[in-house]
Structures are given as C-alpha cells and as structure tokens.
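# Fold and geometry: a report
The chain contents come next:
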Amino acid sequence: MDTGIALVAMDQPEHLRGPLRTAIERGPGVLSVVSFWEVIIKSQKKTLDVGDPRAWWDEALYALALKPLLLRPAHIAEIYQLPLHHSDPFDRALIAQAISEELTLLTADTEIPRYASHRFRVLR
C-alpha cells in the first residue's frame, strides 16, 4: 500500500473505499520502508502530524498486520525504467518495488494508475 492509504487505514479506516478496505483486511500486506521515510520527512517539514514519526512504522505494521518491505538495489534500478508520469520520488519508489516484487499497490492517487501494465497492478 502507498503511504496515503497506510495513513488513512491507521486513523480513519472508514474513509477507505470498499475494495481497499477489503484488501487490507484480507491480507497479507506489506508496508514499504519508503513510506516510513516519507512519514519522517513530511513530519520533519511539519506537513504531516502522526505524533512521534519514529514510532509510526512499528505502530502501522502492528495495527494493520503488515510485513515490512525493505528497499533493495533492484527496486532502485527499476525506477530507471519507469515513464515520467509522476514526479513524486516516494511514489515512484513504491511503484518500482511493487513491480520488482510482483505486488499490487493500493492507492488513492490518481496518477499512479497511469503506470498500470501487465507488470504492475493497482487497486484504487
């Protein structure tokens, strides 16, 4: 799931569309360390308030019953092959990870589905 979905699932799960909520409840799911990085940076810039952002990662993994997805060199290399539909580096990294790991990315973002292909599945 992308960072936005993780944040909503943690604080306002009733605001998730049915298919997203069902996918999270059904599991298994993963949360990328890229989302943790994004939460830390946005918290530091004061554009996001999650309490102590250093605790958010463990809280999200536990509350949503997710497994961590670490960032590997193959994920970073996959970014190079992505078209430039989207300028957000965090989203591009999440897309690359999903492609590399053959995962479906849960998102509410309107630009991310532009990357959908036989190699990349999106659930909105």
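You'll find the structure just up there.
A few points on the structure. (Residues numbered from 1 in each chain as written. Predicted model: local features only at pLDDT ≥ 70, side-chain atom pairs only at ≥ 80, totals over all residues. Heavy atoms only, no water.)

### What about helix H1 (residues 3-11)?
If you check which residues of H1 are buried, you get Thr-3, Ile-5, Ala-6, Leu-7 and Ala-9. Elements in contact with the buried residues of H1: helix H2 (18-26), strand E1 (29-32), helix H3 (33-44), helix H4 (53-63), helix H6 (89-101) and strand E3 (104-106). Two or three places before Gly-4, at the start of H1, stands the capping residue Asp-2, its side-chain oxygen 3.3 Å from that residue's backbone nitrogen. (Buried < 20%, exposed > 50% of the residue type's maximum accessible area, 1.4 Å probe, protein only. Helix = DSSP H or I, 4+ residues; strand = E, 2+ residues; numbered from the N terminus. Contact = heavy atoms within 4.5 Å. Polar contact = N/O pair within 3.5 Å; in protein donor to acceptor, adjacent residues only side chain to side chain.)

### Observations concerning unusual backbone geometry
Gly-27 connects to Pro-28 through a cis peptide bond whose omega is -15 degrees. Mapping Pro-28 onto the fold places it in the loop between H2 and E1. Here Lys-46, not a glycine, exhibits a phi torsion of approximately 70 degrees, which is positive. Within the secondary structure, Lys-46 is located in the loop between H3 and H4. By relative accessible area, Lys-46 is classed as exposed at 73%. One non-glycine residue, Ala-65, adopts positive backbone phi at about 55 degrees. Inspection of the secondary structure puts Ala-65 in the loop between H4 and strand E2 (66-69).

### Observations concerning the pattern of salt bridges
This structure, assessed with the given rule, holds five salt bridges. Arg-114 is the partner of Glu-111 in a salt bridge, and the nearest nitrogen-oxygen pair spans 2.9 Å. (Salt bridge = Lys/Arg side-chain N within 4 Å of Asp/Glu carboxyl O.)

### Side note on H6
Here H6 is 13 residues long and its end C-alpha atoms lie 18 Å apart, about the 18 Å a rise of 1.5 Å per residue gives. The element H6 is extensively covered by neighbouring structure, given that 10 of its 13 residues are classed as buried. Among the residues of H6, those classed as buried are Phe-90, Asp-91, Arg-92, Ala-93, Leu-94, Ile-95, Ala-96, Gln-97, Ala-98 and Ile-99. Residues of H6 that are buried sit in contact with H1, E1, H3, E2, helix H5 (73-79) and E3. You can read the cap of H6 off the contacts: a side-chain oxygen lies 2.8 Å from the backbone nitrogen of Phe-90, and it is on Asp-88. Positive phi appears at Glu-102, one or two residues downstream of H6, with a value of about 55 degrees. (Expected span 1.5 Å × (residues − 1).)

### Focus: the packing of H3 against H6
At a minimum axis separation of 10 Å, H3 and H6 run at an interaxial angle of 170 degrees. One element, H3, and the other, H6, form an angle in the roughly antiparallel class. Only Phe-90, Ala-93, Leu-94 and Gln-97 of H6 make contact with H3, whose side of the interface consists of Val-34, Ser-35, Trp-37, Glu-38 and Ile-41. A class-by-class count of the residues in the contact of H3 with H6 yields six nonpolar, two polar and one charged. (Axes fitted to C-alpha atoms, helices over the stretch in contact; angles between N-to-C directions. Parallel < 35°, antiparallel > 145°, perpendicular 65-115°, else oblique. Nonpolar A, V, L, I, M, F, W, Y, C, P; charged D, E, K, R; others polar.)

That is the geometry; function is a separate question.
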